[in-house]
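Now for the letters of each chain:
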Amino acid sequence: MAGTTPGTPRVLRAMNDRAALDLMLTHGPLSRGRIGKLTGLSKPTASQLLARLEAAGLVVGTGTSEGRPGPSAQLYAVNAAAAHVAGVDVTPARVRAGVADLTGRIVGTCEIGTPGRQRPDGSALEHVVSAVDGATKEAGLTRDGLHRVVIGTPGAFDPGTGRLRYASHLPGWHSPTLLDELAAALPMPLGYDNDVNLAAVAEQRRGAARDHQDFVLLWNEEGIGAALVLGGRLHRGWTGGAGEVGFMPVPGAPLVRRVARSGGGGFQELAGAHALVRLARDLGLRPPPGPHAEVAAALLARAVSGEEPAGGPYGELLRQFATGLATGLAALVAALDPELIVTAGGLLTTGGEPLRALVQEELAELAVPRPRLLLGEVTEDPVLIGALESALATTRDEVFDTSR
């Protein structure tokens, strides 16, 4: 609301407009009377507000309410077509894009496979642009119809250099000119964030961390990472590397030196996917061949299936894995004292409630603070959902500002 004075009629109208729009996003279509009750506005003021928002193209009439005595009331909803955003989830195996309308409904998706090692010759740019174009086409749009794009990757782009750090396993994404090339190819505001940070945004907006201002999201899939939300805001650190806890030295794991070259550290060696596979072999189990993340998930699925005896090797595998996870979490808890810990990512989702309960029990023995430990609720495309929610938050601030 730049250029306005707090308390002026224009600012007060803009505040009421935004409150009404947020209520429609939360509750769905609302009548004039319902908006008046929820905001405390009089019926004439609510009518003026709705007329103003309808003229601005921000709300549309969606029919009338039924089932109550008296005349039916006109219902109003946020105009979903007033803006569209895109989110992109990048992994070594694929690039997945989605387009959402202003209400958050996903209206188009596209996935581009990246088999083998990506070439550092522009393929990263091509994959992102192709995925975004495919999703916008499915949504019946073009690139020009997007208000914002947010891209999520492993690691983080250093704000000082513009280069991707902490993600050596993502070939083709380390060119110092990549961000400029993406900006030239996608002529709309672009945002970039760490994939685990975006999973935390998804949980804060739609999942287990709703209404929580201080929490840690622990992610364990192909690698271990964390997102730190302090005072309701993501803490990214000076170089964007806050939460890269896979590099963190922890008791019970060898001290890893030159971690930037090795691609991992103590916590990754103690409780990562490959560590779980190694532990299974040490317990006399015979994991099948395959990628570590897939094999580890299969081992955990069997351990929590209820088909194996609690005192057998699968039960011991689950207990030792829980201890490794709790060891790393204890360091985070001691430093941050969060209200809540949310577990997410393929391995922790597969381990489910049995693993969560064991980690909670172990953590109570290892740390003085005792935050609640909850399973993540956004289990389908959490990074993509977080990217879309991040893009929507900024876009709504811009589109919903009626003070200008």
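Described in the following lines is the structure provided in the data block. None of these values were measured; they are calculated from a predicted model.

**Quick word on the overall build of the chain**
Thought 1: Broken down by element type, the chain carries 13 helices and 15 strands.
Thought 2: For a compact globule of 404 residues, the expected C-alpha radius of gyration is about 22 Å, and the chain comes in at 24 Å, within 12% of that figure.
Thought 3: Taken over 404 residues, the chain has a buried fraction of 48%.
Thought 4: Partitioning the intrachain contacts of the chain with sequence separation of at least 6 by distance along the chain shows that 58% fall at a separation of at least 24.
Thought 5: Total accessible area on the chain is roughly 19000 Å²; 51% of this is exposed by carbon and sulfur atoms.
Thought 6: Side-chain charges in the chain split into 37 positive and 42 negative, and the spacing between the mean points of these groups amounts to 4 Å.

**Quick word on the environment of Ala297**
Thought 1: By the element assignment, Ala297 lies in helix H10 (residues 292-303).
Thought 2: Distance from Ala297 to Glu377, taken between C-alpha atoms, is 18 Å for residues 80 residues apart in sequence.
Thought 3: Those residues in contact with Ala297 that lie beyond four places of it in its chain are Leu347 and Thr350.

**Regarding helix H3 (residues 43-55)**
Thought 1: Taking 1.5 Å as the rise per residue, H3 with 13 residues should run 18 Å; its terminal C-alpha atoms sit 18 Å apart, in good agreement.
Thought 2: Among the residues of H3, those classed as buried are Ala46, Leu49, Leu50 and Leu53. An end-on view of H3 places all buried positions within 95 degrees of arc, on one side of the element. Opposite the buried face of H3, by more than 90 degrees, sit the exposed residues Pro44, Gln48 and Ala55.

**Topic: helix H12 (residues 346-366)**
Thought 1: End to end, H12 covers just 25 Å across 21 residues, shorter than the expected 30 Å (1.5 Å per residue, more than 12% under).
Thought 2: Its axis deflected by about 100 degrees at Gly352, H12 carries its strongest bend there, up to four residues before the proline Pro354.
Thought 3: Here the buried face of H12 lies against strand S11 (215-220), helix H9 (273-282), H10, helix H11 (313-336), strand S14 (340-344) and strand S15 (372-375).

**Side note on the environment of Glu181**
Thought 1: Looking at the element boundaries, Glu181 is found in helix H5 (residues 178-185).
Thought 2: A residue is classified by how much of its surface remains accessible, and Glu181, at 32% relative accessible area, is partly exposed.
Thought 3: For the pair Glu181 and Leu276, spaced 95 residues apart in the sequence, the C-alpha separation amounts to 39 Å.

**Brief notes about the pattern of salt bridges**
Thought 1: Evaluation of the coordinates by the stated rule reveals 17 salt bridges.
Thought 2: Between Arg143 and Asp133 there is a salt bridge, with the nearest N and O atoms lying 2.7 Å from each other. With Arg143 in the loop between helix H4 (123-138) and strand S7 (148-153) and Asp133 in helix H4, this pair connects stretches of sequence that are ten residues apart.
Thought 3: Between Arg319 and Glu316 there is a salt bridge; the shortest N-O distance is 3.1 Å. You can see Arg319 and its partner Glu316 sitting in helix H11, three residues apart, about one turn around the helix.
Thought 4: Salt bridges sharing partners connect three or more residues here, namely Arg18, Asp22 and Asp397.

**Points about the sheet that holds strand S2 (residues 59-64)**
Thought 1: As summarised here, the arrangement of the three strands in space is S1-S3-S2, forming an open sheet in which the pairing is antiparallel. The open sheet has two edge strands with one neighbour each: strand S1 (30-31) and S2.
Thought 2: As paired elements, S2 and strand S3 (residues 74-78) share four bridges and run antiparallel to each other. Bridge pairing in S3 links Val60 to Ala77.
Thought 3: In the packing of helix H1 (residues 9-27) onto the sheet, the strands contacted are S1, S2 and S3, and the crossing angle to S3 comes to about 95 degrees.

**Overview of the environment of His127**
Thought 1: Along the chain, His127 falls in helix H4.
Thought 2: Residue class for His127 comes out buried when judged on its relative accessible area of 16%.
Thought 3: For the pair His127 and Leu375, spaced 248 residues apart in the sequence, the C-alpha separation amounts to 32 Å.

**Considerations on a positive patch on the surface**
Thought 1: Where like charges cluster on the molecular surface, the positive patch consists of Arg32, Arg34, Lys37 and Lys43.
Thought 2: No other element matches helix H2 (residues 32-39), which puts three residues into the positive patch.
Thought 3: Mapped onto the elements, Arg34 comes out in helix H2.

**Digging into the pairing of S11**
Thought 1: Counting buried residues along S11, six of its six residues qualify, which places the element largely inside the surrounding structure.
Thought 2: Neither face of S11 is left uncovered, since the one carrying Phe215, Leu217 and Trp219 and the one carrying Val216, Leu218 and Asn220 both have all their residues buried.
Thought 3: The sheet contact formed by S11 and strand S12 (residues 224-230) spans six bridges and is antiparallel. Bridge pairing in S12 places Asn220 opposite Ile224.
Thought 4: From the end of S11 to the start of S12, which pair antiparallel, there are three residues.

**Description of the packing of helix H6 (residues 195-206) against helix H13 (residues 382-399)**
Working note: a packed helix pair is described by the angle between its axes plus the distance between those axes.
Thought 1: Relative orientation of the contacting elements H6 and H13 amounts to 70 degrees, with a least axis distance of 7 Å. Here H6 is positioned roughly perpendicular relative to H13, judged by the angle of their axes. For the pair H6 and H13, contact is made by Asp195, Leu198, Ala199, Val201, Ala202, Arg205 and Arg206 and by Pro382, Val383, Ile385, Gly386, Ala387, Glu389, Ser390 and Ala393, respectively.
Thought 2: Looking at the contact of H6 with H13 residue by residue, the class counts come to nine nonpolar, two polar and four charged.

Conventions and cut-offs
- Residues numbered from 1 in each chain as written.
- Predicted model: local features only at pLDDT ≥ 70, side-chain atom pairs only at ≥ 80, totals over all residues.
- Heavy atoms only, no water.
- Helix = DSSP H or I, 4+ residues; strand = E, 2+ residues; numbered from the N terminus.
- Rg over C-alpha atoms; globule rule 2.2 N^0.38 Å.
- Buried < 20%, exposed > 50% of the residue type's maximum accessible area, 1.4 Å probe, protein only.
- Contact = heavy atoms within 4.5 Å.
- Areas by Shrake-Rupley, 256 points an atom, 1.4 Å probe, with all protein chains shown as cover.
- Lys, Arg positive; Asp, Glu negative; His and termini not counted.
- Charge placed at Lys NZ, Arg CZ, Asp CG, Glu CD.
- Expected span 1.5 Å × (residues − 1).
- Arc of directions from axis to C-beta.
- Bend = angle between axes of the 7 residues up to and from the residue.
- Salt bridge = Lys/Arg side-chain N within 4 Å of Asp/Glu carboxyl O.
- Pairing = 2+ DSSP bridges.
- Axes fitted to C-alpha atoms, helices over the stretch in contact; angles between N-to-C directions.
- Patch = residues over 30% accessible without salt bridge, like charges linked within 9 Å, V, L, I, M, F, W, Y side chains within 5 Å.
- Parallel < 35°, antiparallel > 145°, perpendicular 65-115°, else oblique.
- Nonpolar A, V, L, I, M, F, W, Y, C, P; charged D, E, K, R; others polar.

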